[in-house]
Amino acid sequence: MRAAMLMAVALLTASAVDAHVTIWPQESKAGAGERYTVRVPTEGKVTTTEVELEVPADVRVSGVLIGAGFTYEFRRDGDRIVAVTWKQDIKPSEYAEFVFFAVNPKTAGPVAWRVHQRYQDGTSADWTGVEGDRRPASVTRIVAAPKTK
Amino acid sequence: MAVAAGNWYTSFVISPAYPDEIEKMESLQPNHMQVRVIMNRRTAVVLGVALLVLTARAAWAHDGHIHTIMGTVMERDAQAVQVKTPGGETLSIAITDKTRVVRGKQKAAVADVQKGSRVVVDIGNGEDPLIANEIRLGPLPVAPKK
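Keep in mind it's a predicted model, so treat the numbers as computed, not measured.

Draft legend 1. Broad picture of the overall build of chain A. A tally of regular secondary structure across chain A gives one helix and 11 strands. Scanning chain A from its N terminus toward the C terminus, one meets helices and strands in the order α-β-β-β-β-β-β-β-β-β-β-β. The 149 residues of chain A split such that 26% are buried.

Draft legend 2. Looking closely at the nonpolar core. Formed by 23 residues in total, the largest nonpolar core has its most connected members in Val-38, Val-51, Leu-53, Val-84, Phe-100, Trp-113 and Val-115 of chain A. Sorting the residues of this core by element identifies strand E3 (33-41), strand E4 (48-54), strand E7 (80-90), strand E8 (95-103) and strand E9 (109-119) of chain A as the ones contributing at least two each. If sequence neighbours within four positions are ignored, Val-38 of chain A has contacts with Val-21, Ile-23, Val-51, Leu-53, Glu-97, Phe-98 and Val-115 of chain A. In terms of nonpolar packing, the next biggest core, distinct from the first, is built from 12 residues, Val-81, Ile-93, Val-113 and Ala-132 of chain B among them.

Draft legend 3. Region of interest: the pairing of E8 of chain A. Inspection of the sheet shows E3 of chain A paired to E8 of chain A by nine bridges, in the antiparallel sense. Looking at E8 of chain A, one finds that Arg-39 of chain A is bridged to Glu-97 of chain A.

Draft legend 4. How the structure looks around the sheet that holds strand E6 (residues 100-103) of chain B. Residue and element names in this part refer to chain B. Sheet architecture is open: seven strands sit in the order E5-E4-E3-E8-E9-E6-E7, paired in mixed fashion. Either end of the sheet is taken by a strand with one partner, and the two such strands are strand E5 (90-94) and strand E7 (106-108). Strand-to-strand twist in this sheet, taken as the mean axis angle between neighbours without regard to direction, amounts to 40°. Strand direction decides the pairing type here: strand E3 (residues 68-76) and strand E4 (residues 80-84), joined by four bridges, are antiparallel. Bridge assignment links Val-73 to a residue of E4, and that residue is Val-83.

Draft legend 5. Structural detail: unusual backbone geometry. Look at the link from Trp-24 of chain A to Pro-25 of chain A: it is a cis peptide, with omega at 0°. Structurally, Pro-25 of chain A is set in the loop between strand E1 (22-24) and strand E2 (27-29). The omega angle of the peptide bond from Asp-128 of chain B to Pro-129 of chain B is -10°, so this bond is cis rather than trans. Counting through the fold element by element, Pro-129 of chain B comes out in the loop between strand E8 (118-122) and strand E9 (134-137).

Draft legend 6. Main features of the environment of His-67 of chain B. Residue and element names in this part refer to chain B. Considering the arrangement of structural elements, one finds His-67 in the loop between helix H3 (41-61) and E3. Judged by the 21 C-beta atoms lying within 10 Å of it, His-67 falls in the buried class. Residues His-67 and Asn-125 lie 58 residues apart in sequence; the distance between their C-alpha atoms is 5.8 Å.

Draft legend 7. Inspection of the environment of Val-130 of chain A at higher detail. By secondary structure assignment, the location of Val-130 of chain A is in the loop between strand E10 (124-127) and strand E11 (138-143). We classify Val-130 of chain A as partly exposed; it has 14 C-beta atoms within 10 Å. In this structure, the C-alpha to C-alpha distance between Val-130 of chain A and Ala-112 of chain A, residues 18 residues apart in sequence, is 8.6 Å. When near neighbours in sequence (up to four residues on either side) are disregarded, Val-130 of chain A contacts Pro-136 of chain A together with Pro-86 and Gly-87 of chain B.

Procedures and definitions
Residues numbered from 1 in each chain as written. Chains lettered and ligands numbered in written order. Predicted model: local features only at pLDDT ≥ 70, side-chain atom pairs only at ≥ 80, totals over all residues. Helix = DSSP H or I, 4+ residues; strand = E, 2+ residues; numbered from the N terminus. Buried ≥ 20, exposed ≤ 12 C-beta atoms within 10 Å, placed from the backbone. Core = buried A, V, L, I, M, F, W, Y, C linked by C-beta atoms within 7 Å. Contact = placed C-beta atoms within 7 Å. Pairing = 2+ DSSP bridges. Axes fitted to C-alpha atoms, helices over the stretch in contact; angles between N-to-C directions.

Read these as layout, nothing more, since geometry by itself doesn't imply function.
Shown next, in the form of structure tokens:
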């Protein structure tokens, strides 16, 4: 029964966060290389055309996964990738997922992913808020890596 | 096949659609014609609860999406409530006759939503215009003991 309760809570949480632009996983290890997925829904009646991810200062993006149906571009500051933009038409009630690879910060703590979602009609939604805001930034909790002997 | 006590054991026979398929199936061993499903009772309970939760969630969410915001009530009249979120944004959220107001597990009234109240507001699919499906009020402040 306890398992049932845990699953119910997990489902409630999952269905709530599914409505936002989110980045997965939401927990990772300090200093680790990670495969991240940006999940983008179009919730309203206007098609999403592009999504821009601002790379947090202490995260190093090494690249993106290529795939059909979208294009991408990097914005760089010197050698460092500071933003990634994926362009794809995501119609209402559709979701898209974009994958990138990054090295986590060396210290534990939250990483907030600021994302800008742009629509066909020229409007945009900025997923840059904090928890409780209308459009919160997705957060990955960076935990200390286990010490090796 | 041994079946542990407390498990459910169900056997389904695949129905053939055409006579030639019947012949083909008759030539098979009985085990090939049956799909056996062993479902642990606990797994069934978990799946049942999950199904109920998903169904209920979809019913509440209208479009299948739930957005909630939280913050402090800045103003409230009969038509709308202004909520300042943790990020400093002030949102105007319409109140309708379908808006539910609760405090803990108790039903409350729109009149209980007062300036300064801490609230969590279910704004449905989060699209404009924002409409409050439910306003959850924080606990009443406890008066300091004298």
